[in-house]
Amino acid sequence: MKIVMLEPLGVKEETMREKAKPFLEAGHQLIYCGQALTKEEKLERVKDADVLIIANSPLTADIIRAGERLKLISVGFTGVDHVDLETCRQRGITVCNAQGYATDATGELAVALMLACLRDLVPCDQTVRTGGTAAGYRGNTLKGKTVGIVGTGMIGKRVAALCQAFGCKVLGYSRSESQEGKLMGIEYKSLKAVCQESDILTIHAPLSEATRHLIDKEHIDSMKKTAILINCARGALVDNQALAEALNEERIAKAGIDVFEIEPPIPADHPLLHAKNVILTPHVGFLSEESLEARVEIVCDNVLSWIQGKPINVKA
């Protein structure tokens, strides 16, 4: 069986082959990828592939259809909205994700952005570098804040636990309320109520057509003037034009954004690039040495389990 990588997973080839050893020793072939490929190169690689390994680059219908032997796509990412799932279903291709690999890394970045916003860390850095002092700065503590979590899956619950450790009250919104979340003290409310009552609103929901612009202008306008919005999930979950306008008009206080509608580099006319009081990071929530090692292991486990007839982490 030919197992083909279509993009790098952030680890060296020897690490990838070490994690892939169980199916390599069974006689299967791994075609490693250590650099970004053009579309033409992807089309060529997929032609005789039985299994594809990808990360978070879009996998379009034409590339999927080019794989006449394709039976499995192992996605080195939590979300799978960048894969044309309808084409996969039509062709009977199994899609598995790497759920859980970046729970800690993403959760910790969300809290880091909260703290950076609360304590004005980026402006403080610039002030020191330009000869300034602490005059005019007066931050806020995370302790005592009400944190609203939109999406209480693995990452959302991890953020809840971290915020509780800081002494926060945690509200939650999810289409399916988590019993585990309730037991750990998340108070579930409507999305409207969570937006209205939160000092910090942090987004951890999956992206689908149903959740696109889940946090729209109406929800942003309902937030406290002192509120902070954090997004480490998917850029399109938030109406970023409405968010930028709210920041510029000081209808909400600050934002910390790690994700956009497209992967960075972000176009120069993107509204958040010109908004006030926003910290922007280039989609690094999932990026840590520990998480990259973990995702390679999960991706390879997905392939091995599927080969053994016991697929795991199946999303389509």
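The rules behind these values
Residues numbered from 1 in each chain as written. Predicted model: local features only at pLDDT ≥ 70, side-chain atom pairs only at ≥ 80, totals over all residues. Heavy atoms only, no water. Helix = DSSP H or I, 4+ residues; strand = E, 2+ residues; numbered from the N terminus. Contact = heavy atoms within 4.5 Å. Pairing = 2+ DSSP bridges. Axes fitted to C-alpha atoms, helices over the stretch in contact; angles between N-to-C directions. Core = buried A, V, L, I, M, F, W, Y, C linked by side-chain atoms within 4.5 Å. Buried < 20%, exposed > 50% of the residue type's maximum accessible area, 1.4 Å probe, protein only. 1 Å grid on protein atoms, 1.4 Å probe; cavity = no way out; pocket = protein on both sides within 12 Å on 5 of 7 lines; lining within 4 Å. Points joined across faces, edges and corners; volume = space filled by probe spheres on them. Nonpolar A, V, L, I, M, F, W, Y, C, P; charged D, E, K, R; others polar.

A.B. asks: Any details on the side chain of Thr-281? Residues and values, ideally.
C.D. replies: Considering the arrangement of structural elements, one finds Thr-281 in the loop between strand E12 (278-280) and helix H13 (289-307). Those residues in contact with Thr-281 that lie beyond four places of it in its chain are Leu-109, Leu-113, Ile-257, Asp-258 and Phe-260.

A.B. asks: An account of the sheet that holds strand E3 (residues 51-54) is needed here, citing residue identities and associated values.
C.D. replies: Taken in spatial order, the five strands of this open sheet run E2-E1-E3-E4-E5, and their pairing is parallel. Edge positions in the open sheet fall to strand E2 (29-31) and strand E5 (94-96), since each of these has one partner strand only. Ignoring strand direction, the axes of neighbouring strands in this sheet form an average angle of 15°. Where E3 meets strand E4 (residues 72-75), four bridges bridge the pair, whose relative direction is parallel. Bridging across to E4, Val-51 finds its partner in Leu-72. Packed onto the sheet, H13 meets strand E1 (2-5), E3, E4 and E5 and runs at close to 155° relative to E4.

A.B. asks: Let's hear about the sheet that holds strand E7 (residues 169-173): which residues, and what values?
C.D. replies: On the basis of which strands lie adjacent, the open sheet formed by seven strands has the order E8-E7-E6-E9-E10-E11-E12 and parallel pairing. Two strands close off the open sheet at either side, each with one partner strand: strand E8 (187-188) and E12. Bridge count for strand E10 (residues 228-231) against strand E11 (residues 254-257) is four bridges, and the pairing is parallel. Bridge pairing in E11 links Leu-229 to Ala-255. Sheet strands touched by helix H8 (residues 154-165): strand E6 (146-150), E7 and strand E9 (200-203). Its angle to E6, the strand with the most contacts, is close to 175°. The sheet contacts of helix H12 (residues 240-248) involve E10, E11 and E12, and relative to E11 the element is tilted by about 145°.

A.B. asks: Tell me what's going on with the nonpolar core, and back it up with residues and numbers.
C.D. replies: Counting 46 residues, the largest nonpolar core has Met-16, Leu-52, Ile-53, Leu-59, Ile-73 and Val-83 as the members making the most contacts within it. Residue assignment for this core shows that the elements contributing at least two residues are E1, E3, helix H4 (61-66), E4, helix H5 (85-91), E5 and H13. Element by element, the count of residues in this core is highest for H13, at seven residues. With residues up to four places along the chain from it excluded, the contact list for Ile-53 reads Ile-3, Val-4, Met-5, Leu-6, Glu-7, Leu-9, Met-16, Leu-30, Ser-74, Val-299 and Val-303. In terms of nonpolar packing, the next biggest core, distinct from the first, is built from 32 residues, Cys-195, Met-223, Leu-229 and Leu-272 among them.

A.B. asks: Go over the layout of surface pockets, please, and point to the residues and values.
C.D. replies: Taken as a whole, the largest pocket holds about 1000 Å³ of empty space. Looking at the largest pocket, it is lined by 42 residues, and the ones nearest its centre are Thr-78, His-204, Ala-205, Pro-206 and Leu-207. For the lining of the largest pocket, the secondary-structure elements that each account for two or more residues are helix H6 (103-118) and H8. Among the elements that take part in the lining of the largest pocket, H8 stands out by supplying three residues, more than any other. In this model, the second largest pocket occupies a volume close to 340 Å³. Taken together, 17 residues make up the lining of the second largest pocket; nearest its centre are Asp-81, Arg-234, Glu-261, Ile-262 and Glu-263. Taken together, the residues of the lining of the second largest pocket sort by class into eight nonpolar, four polar and five charged.

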